[in-house]
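Below, each chain spelled out in residue letters.
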Amino acid sequence: MPSSSGTSARRGSGARMGLAQAAALVDSSYLKSPAHAGLQSQIEKPLNKDDVQAFMLKDRTLLIPGSDSAADYLKFNLRLLNIGGKRYKVKSGATGNELGRVWHQGFLAHAMYVKTHFDAAPPKLIVGHSLGAASAQVLSLVWGVPAICFAAPRVYAGGQAVQNDKNCLCIHLADDPVGSLPSDRFRHAGKSLRLGRRTYIRFTHKMTHYKALLGNPNYKASLPTNWPVTG
């Protein structure tokens, strides 16, 4: 299987998870989170190397936290074109076809690093936040498995959606500008839900804001309880 120029990955068997559970899990995946110690007994295989963190749980859920250092921004978030570096392509795990779009190369580099570490036994479901949500979108396409993405930036440019991207759910708050980055030319993979009204006076990017969102009855009708909606 190609490691960098493409990823014709095996399709996972699929899984289903409640959004509240997913939010709590990815919040606890941050190394600095008070809840991280409680996650240890659930972890089957960790990744914490070269400014990339991800954790495969024993139930085959892959958790990918977001940026926790300035190095993350320099290596991944701000490298839209990855000028002078290795360029990556994406192949659908559902069809094996190359998904020909203009991809954010920093997000691809992060996703491919995670893929290399876990590719021998891909997950059944992925949950990510921020930079981790960018990776989760890519890997949902690559492995053909569901993904739940909180505070997700946009990952590829193009007027039409890529093939077989229905496995991915992206949730972002209106007062979280990350959900609109890098620009209006780019789009999210899969289903994108923007919730709330932009006030321009708050910055609601942390997982604490998204966990509060899931407990807000005003959004109950706008959000599925579980993802995927059907098992």
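In what follows, the structure referred to is the one given above.
The model shown is predicted, which means the values in this text are computed figures rather than measured ones.

1. Here we look at the pairing of strand β2 (residues 43-49)
In summary, the side chains of a regular strand alternate between the two faces of the sheet. Bridge analysis of β2 against strand β3 (residues 52-57) gives six bridges, and the strand direction is antiparallel. Residue pairing in the sheet places lysine 49 in a bridge with valine 52 of β3. In sequence, β2 turns back onto β3 through a hairpin of two residues, with aspartate 50 there showing a positive phi of about 55°.

2. Thoughts on the sheet that holds strand β9 (residues 168-173)
Overall, mixed pairing links the seven strands, which are arranged β2-β3-β4-β6-β7-β9-β11 in an open sheet. Bordering the open sheet on either side are β2 and β11 (191-195), each of which pairs with just one other strand. Pairs of neighbouring strands in the sheet enclose a mean axial angle of 15°, with direction left out of account. This element, helix α4 (residues 105-118), spans β2, β3 and β4 (61-64) of the sheet and lies at about 135° to β2.

3. Examining the nonpolar core
Among the nonpolar cores identified, the biggest contains 35 residues, and Leu62, Trp103, Val114 and Ile126 are the most heavily contacted of them. Broken down by secondary-structure element, the contributors of at least two residues to this core are β3, β4, α4, α5 (131-143), β7 (147-150) and β9. Here this core gets nine residues from one element, more than from any other, and that element is α5. Every residue in contact with valine 114, bar those within four places of it in the chain, is listed here: Leu47, Val52, Ala54, Leu62, Ile64 and Leu139.

4. Focus: unusual backbone geometry
Cis geometry is found at the peptide bond from leucine 181 to proline 182, where omega equals 5°. Topologically, proline 182 is positioned in the loop between β9 and β10 (186-187). Between tryptophan 227 and proline 228 the backbone carries a cis peptide bond, its omega angle lying at -5°. Counting through the fold element by element, proline 228 comes out in the segment after β12 (226-227).

Cut-offs applied
Residues numbered from 1 in each chain as written. Predicted model: local features only at pLDDT ≥ 70, side-chain atom pairs only at ≥ 80, totals over all residues. Heavy atoms only, no water. Pairing = 2+ DSSP bridges. Helix = DSSP H or I, 4+ residues; strand = E, 2+ residues; numbered from the N terminus. Axes fitted to C-alpha atoms, helices over the stretch in contact; angles between N-to-C directions. Contact = heavy atoms within 4.5 Å. Core = buried A, V, L, I, M, F, W, Y, C linked by side-chain atoms within 4.5 Å. Buried < 20%, exposed > 50% of the residue type's maximum accessible area, 1.4 Å probe, protein only.

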